[in-house]
Amino acid sequence: MLDLPYSLIVEATIEPDYFGFYSPELEGFSGIGHSVEDCLYKARWGIQEHLALLVEKGLPVPPRNKNPTVTIQNENRVPVPS
């Protein structure tokens, strides 16, 4: 069972021990980790901190997702013109 209040995207990078993550439902929330498991762990705690900051600043808090998903994909790299 996922213990996340929002969906999460985890992106693998060209580096084998470097992953990025973000929630498409929680604007401004992102982070990095050294494995998929590390990203999930950091996201659980990071989301709580992010929500606390939103409340502290009087900003709107998005409604929880009743069925959040975790998507693991390759990083979307923008090709560099040659």
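Everything here concerns the structure above.
Basis of the calculations
- Residues numbered from 1 in each chain as written.
- Predicted model: local features only at pLDDT ≥ 70, side-chain atom pairs only at ≥ 80, totals over all residues.
- Heavy atoms only, no water.
- Helix = DSSP H or I, 4+ residues; strand = E, 2+ residues; numbered from the N terminus.
- Expected span 1.5 Å × (residues − 1).
- Buried < 20%, exposed > 50% of the residue type's maximum accessible area, 1.4 Å probe, protein only.
- Salt bridge = Lys/Arg side-chain N within 4 Å of Asp/Glu carboxyl O.
- Core = buried A, V, L, I, M, F, W, Y, C linked by side-chain atoms within 4.5 Å.
- Contact = heavy atoms within 4.5 Å.
- Pairing = 2+ DSSP bridges.
- Axes fitted to C-alpha atoms, helices over the stretch in contact; angles between N-to-C directions.

Colleague: Which parts of the structure should I look at to understand helix α1 (residues 36-56)?
Modeller: Given 3.6 residues per helical turn, the α-helix brings residues three or four places apart onto the same face. Taking 1.5 Å of rise per residue, 21 residues should cover 30 Å, and α1 covers 30 Å from first to last C-alpha, within 8% of that figure. Those residues of α1 not exposed but buried are Val36, Cys39, Leu40, Ala43, Gly46, Ile47, His50, Leu51 and Leu54. Downstream of α1 by a residue or two, Gly58 has a phi angle that is positive, lying close to 75°.

Colleague: Explain the pattern of salt bridges to me, please; I cannot follow it from the model alone.
Modeller: When the charged atoms of two side chains lie near each other, side chains of opposite charge can form a pair. Here the structure, examined in full by the defined rule, presents 1 salt bridge. Where Asp38 meets Lys42, a salt bridge forms, and the shortest distance between an N and an O atom there is 3.5 Å. Taken together, the residues Asp38 and Lys42, both in helix α1 and 4 residues apart, mark about one turn of the helix.

Colleague: Just checking my understanding: could you explain the nonpolar core for this structure?
Modeller: With 16 residues, the main nonpolar core has Leu8, Val10, Phe21, Leu26, Phe29 and Ile47 as its most contacted residues. Looking at which element gives the most residues to this core, the answer is α1, with 7 residues. When residues no more than four places from it in sequence are discounted, the contact partners of Phe29 are Leu8, Phe21, Tyr22, Ser23, Ala43, Gly46, Ile47 and His50.

Colleague: Can you help me understand the side chain of His50 in this one?
Modeller: In this fold, His50 is placed in helix α1. If sequence neighbours within four positions are ignored, His50 has contacts with Leu26, Glu27, Gly28 and Phe29.

Colleague: I would appreciate a short explanation of the sheet that holds strand β1 (residues 8-12) in the present structure.
Modeller: Paired through their backbone hydrogen bonds, the strands of a sheet run either parallel or antiparallel. Strand order in the open sheet formed by 4 strands is β3-β2-β1-β4, with mixed pairing between adjacent strands. At either end of the open sheet lies a strand with only one pairing partner, and these are β3 (30-33) and β4 (70-74). Between one strand and the next, the sheet's axes are offset by a mean angle of 20°, whatever the strand orientation. Summarising the sheet, strand β2 (residues 19-22) and β3 pair through 4 bridges and their orientation is antiparallel. Across the sheet, residue Phe21 finds its bridge partner in β3, namely Gly31.

Colleague: I would appreciate a short explanation of the pairing of β2 in the present structure.
Modeller: In regular strands, side chains alternate between the two faces of the sheet. Here β1 runs beside β2; their pairing, made up of 4 bridges, is antiparallel. Residue pairing for β2: Glu11 is matched across the bridge by Gly20. Counted along the chain from β1 to the antiparallel partner β2, the turn is 6 residues long.

Colleague: For this particular structure, what's the right way to read the environment of Tyr18?
Modeller: In this structure, Tyr18 sits in the loop between β1 and β2. Taking relative accessible area as the criterion, Tyr18 reaches 35% and is therefore assigned partly exposed. Each C-alpha atom of the pair Tyr18 and Gly46 lies 17 Å from the other, and the pair is 28 residues apart in sequence.

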